[in-house]
Amino acid sequence: MHTLVVFAHPSPDSLTGATAHRVAARVAATPGHTAEVADLTTEGFDPTFTPADAEAARTADDAPADVRREHERVERADNLVLVFPVYWWSFPALLKGWIDRVFTNGWAYGEGGTALAGHQVHLVALAGGDSDMYDRHGYAESMRVAIDHGIFEYCNTRVTTSRFVHDSDSADAATIEGVVDALVADLTTAALV
C-alpha cells in the first residue's frame, strides 16, 4: 500500500509540513507500506489554471506535462492525505490550484474519470481558531459539503477521515505536539486499513 501525502504551506518547516512528514514517516515505517510527500511549495508546483488546463477541462484532452506527472503520482497511491492550514475557511490557493489543475476531466471526473475511485482520502486541516468557533460557524459542515462532496464525491471517491488541529497558532508547543501526535496516529491507522 502506498500513501501520497500532499501539503501546501509557504514554509516547509511549519506545523503543516511537520504533520505531513510525520504521517509519511509513520506509514513508511509499517511493513508492506510506502509513503511519499508532495511539498507543493518546495517543488514549485504552478497552481495557475492555464488555457491548456481549460482546454483539458472542456474536452478531456491530454493535460499539460506537469499535470500528467501529478496524475502518475496520484495513480501510484492507494491513499491520499491532504494536509493544509485553513486560510479564509478553505484550502490555501496553492492546494486549491493543485486540485483545479490535477483533477482533470476524463481522469478524475466525467467520462472515463475514475482515477481516484478506490482511493482512501484523508483531510488534515490545521486551524488557528478553537473548536467552539468552528462549531458556531458550521465550518465542519461547510468543509463536508464543499470538499468531501463538491470535490471528492464528484471525482468518484469519498473522504475517509477529516481531522482538525484547532488552536494551532496559539497553543503551547507541548499541546500542539500532543494533538499532532494523536492526529498522526489516527490518520496512519485509518490510512492502513
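As shown above, the structure is provided for reference.
Per chain, residue numbering runs from 1 following the sequence as it is written. Whole-chain, interface and lining totals are the exception, using all residues; otherwise, since this is a predicted model, local features are given only for residues with pLDDT of at least 70 and side-chain atom pairs are given and counted only at 80 or more. Side-chain metrics rest on all non-hydrogen atoms present in the structure, leaving aside hydrogens and water.

A. Inspection of helix α7 (residues 139–153) at higher detail. The helix and strand labels rest on DSSP assignments: H or I over at least four residues marks a helix, E over at least two residues marks a strand, and numbering proceeds from the N terminus. To estimate the expected span of a helix, count its residues, drop one, and scale the result by 1.5 Å. In this model α7 runs just 18 Å from its N-terminal to its C-terminal C-alpha over 15 residues, more than 12% under the 21 Å that 1.5 Å per residue would give. Between buried and exposed lies partly exposed: a residue is buried under 20% and exposed over 50% of the maximum accessible area for its type, with that area taken using a 1.4 Å probe on protein chains only. Of all the residues in α7, the buried ones are Y139, M143, I147, D148, I151 and F152. Seen from one end, α7 has its buried residues packed into an arc of 110°, which puts them on one side. Buried positions along α7 lie against β3 (79–85), α5 (93–102), β4 (120–126), α6 (131–137) and β5 (158–165). The directions considered for the arc are those from the helix axis to the C-beta atoms. Should any heavy atoms of two residues lie within 4.5 Å, those residues are considered in contact.

B. Looking closely at the nonpolar core. Among the nonpolar cores identified, the biggest contains 36 residues, and L82, W98, F103 and F152 are the most heavily contacted of them. Ignoring sequence-local partners within four residues, the contact set of W98 consists of V6, L40, F45, E70, V74, L80, L82 and F103. What we call a nonpolar core is a set of buried Ala, Val, Leu, Ile, Met, Phe, Trp, Tyr and Cys residues that are connected through their side-chain atoms within 4.5 Å. In this structure, A20, V27, V83 and V124 belong to the second largest nonpolar core, which totals 11 residues.

C. Unusual backbone geometry, seen in detail. The backbone phi angle of W88 is positive, close to 50°, even though this residue is not glycine. Residue placement: W88 occurs in the loop between β3 and α5. The backbone of W89 shows a phi angle near 65°, a positive value even though the residue is not glycine. By secondary structure assignment, the location of W89 is in the loop between β3 and α5.

D. Region of the structure containing the environment of R73. Within the secondary structure, R73 is located in helix α4 (residues 65–76). In the structure, R73 is positioned 60 residues away from M133 in sequence and 36 Å away in space, judged by C-alpha atoms. Here a polar contact is recorded for every N or O atom pair within 3.5 Å, except that within protein the pair must consist of a potential hydrogen donor and a potential acceptor, and residues adjacent in sequence are included only if both atoms are side-chain atoms. Within the local environment of R73, its side chain forms a polar contact with the side chain of E43, the two groups lying 2.9 Å apart.

That is the geometry; function is a separate question.
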